[in-house]
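# Observations on the model geometry
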Amino acid sequence: MAGSDKSIWIIANWKSNKTIAETLDWVSSVGSKLPKREDLKVVVCPTFSALSEVKKAITVGNFPIMVGSQDLSPFEAGAYTGEESASLLKELVELSIIGHSERRKNFSETDEMISKKVKRANEAGITPLVCVQDEETPVPEECKMIAYEPIWAISTGLTNTPGVGRADTPEDANKLAIRFKQKYGKELEVIYGGSVTATNVKGFIIQSDIDGVLVGNASLDAEEFIKILKACKE
Ligand code: PGA
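What you see is a predicted model, and the numbers here were worked out from it, not measured in a lab.

To continue, consider the packing of helix H1 (residues 20–33) against helix H2 (residues 51–61). When two helices pack together, their arrangement is given by the angle between the helix axes and by the axis-to-axis distance. Contact pair H1 / H2: the axes reach a minimum separation of 10 Å and the direction vectors enclose 25°. In terms of orientation, H1 and H2 fall into the roughly parallel class. Relative to H2, the crossing made by H1 is right-handed. Note on element contacts: H2 touches H1 through Glu 53, Val 54, Ala 57 and Ile 58, opposite Ile 20, Thr 23, Leu 24 and Val 27. When its residues are assigned to classes, the contact of H1 with H2 shows 6 nonpolar, 1 polar and 1 charged.

This part covers the state of the cysteines. A covalent bond between the sulfur atoms of two cysteines is what we call a disulfide. In the structure shown here, the tally under the stated rule is 0 disulfides. Free of any disulfide, Cys 45 has its nearest neighbouring cysteine sulfur in Cys 131, separated by 9.5 Å. Cys 143 carries a free sulfur, and the closest cysteine sulfur to it, the one in Cys 131, is 9.7 Å from it.

A few words now on the nonpolar core. Within the largest apolar cluster, 59 residues are counted, with the highest numbers of intra-cluster contacts made by Ile 10, Trp 26, Val 30, Ile 146 and Tyr 192. Broken down by element, the residue count for this core peaks at 7 residues, all from helix H9 (residues 222–233). In contact with Trp 26, other than residues within four places in its own chain, are Ala 12, Trp 14, Lys 18, Gly 31, Val 44, Ser 219, Leu 220, Asp 221, Ala 222 and Phe 225. Formed by 12 residues, the second largest nonpolar core is a distinct cluster that contains Trp 9, Val 43, Leu 95 and Ile 191.

A side chain of one charge can pair with a side chain of the opposite charge if their charged atoms are brought near each other. Under the criterion given, the structure shown has 15 salt bridges. Glu 102 is the salt-bridge partner of Lys 15, the closest N and O atoms lying 2.8 Å from each other. One end of the pair, Lys 15, is in the loop between strand E1 (8–13) and H1; the other, Glu 102, is in helix H4 (residues 101–106), and 87 residues separate them in sequence. Exposure remark for Lys 15: the relative accessible area of 16% places this residue in the buried category. What makes Glu 102 partly exposed here is its relative accessible area of 29%. Salt-bridge contacts for Asp 172 lead to Lys 175; the nearest nitrogen and oxygen are separated by 3.9 Å. Placement of both Asp 172 and Lys 175 in helix H6 (residues 170–184) is noted, with a separation of 3 residues, approximately one turn of the helix. Residue Asp 172 is classed as partly exposed on the basis of its relative accessible area, which comes to 35%. One connected set of salt bridges, linked through shared partners, spans Asp 71, Arg 103, Glu 109 and Lys 117.

Neither face of strand E4 (residues 95–98) is open: one carries Leu 95 and Ile 97, the other Ser 96 and Ile 98, and all of them are buried. As judged from the 2 bridges shared by strand E3 (residues 65–69) and E4, these two strands associate in the parallel manner. Bridge assignment links Ser 69 to a residue of E4, and that residue is Ser 96. In the sheet, E4 pairs with strand E5 (residues 127–132) via 4 bridges, with the strands oriented parallel. Bridge pairing links Ser 96 to Pro 128 in E5.

Conventions adopted
- Residues numbered from 1 in each chain as written.
- Predicted model: local features only at pLDDT ≥ 70, side-chain atom pairs only at ≥ 80, totals over all residues.
- Heavy atoms only, no water.
- Axes fitted to C-alpha atoms, helices over the stretch in contact; angles between N-to-C directions.
- Helix = DSSP H or I, 4+ residues; strand = E, 2+ residues; numbered from the N terminus.
- Parallel < 35°, antiparallel > 145°, perpendicular 65-115°, else oblique.
- Left-handed = near helix turned anticlockwise from the far one by under 90°.
- Contact = heavy atoms within 4.5 Å.
- Nonpolar A, V, L, I, M, F, W, Y, C, P; charged D, E, K, R; others polar.
- Disulfide = S-S within 2.5 Å.
- Core = buried A, V, L, I, M, F, W, Y, C linked by side-chain atoms within 4.5 Å.
- Buried < 20%, exposed > 50% of the residue type's maximum accessible area, 1.4 Å probe, protein only.
- Salt bridge = Lys/Arg side-chain N within 4 Å of Asp/Glu carboxyl O.
- Pairing = 2+ DSSP bridges.

So, in structure tokens, the structure goes:
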């Protein structure tokens with residue numbers, strides 16, 4: 001980011017991990033060591049069951065961290081058992097990850113459902129962050145922020161096993177980001193996700209058209225996440 005004045009999103013996607021106690025430990029560790037930078041926009045996306053505790057801990061600690069959800073309902077509030085509607089979530093979250101490849105694969109989410117979720121999020125004033133897996137994934141109308149996350153790059157970064165898996169290269173990710181912006185408008189923010197760690201994060205955020213990172217595995221450990229934030233500062 002050196003020499004650039006763009007602001008950078010660092011978004012933690014905890015997936016289905018962490019008890020409430022673990023969650024609160026993470027918030028106090030990260031919150032108290034957060035580098036003070038106006039141009040770093042830090043978001044944590046815990047499980048639904050931890051959302052209100054995380055929100056409370058961040059508010060009490062006055063930490064510059066936003067809260068996001070990992071999904072939301074395509075329906076409005078009402079008789080939809082088990083769903084988390086945007087109009088209720090808006091009390092707790094500012095952003096919602098939508099259409100993650102794990103949801104597309106394990107819960108048969110379609111592009112049509114994802115479009116509905118984007119609409120619900122926008123109606124509620126929640127920023128939808130739509131995950132796209134490759135250049136062919138459609139970006140719904142009214143979506144201003146996407147995460148390019150190639151499926152083969154997800155959750156391989158901490159294995160340290162050569163040849164088993166890898167993040168995309170920052171240069172390739174940037175090429176994709178440029179193409180998405182050409183197709184959907186230059187105001188579209190493009191985040192990269194897939195095996196981001198403290199070691200490789202800088203390579204992504206210095207790219208001309210990458211506006212941040214979505215971090216899964218490496219965000220679970222508070223120390224590693226702080227290293228990621230510090231690496232962005234260097
Ligand atoms: P990862 O996950 O950082 O563990 O690869 C990223 C994601 O799935 O959002």
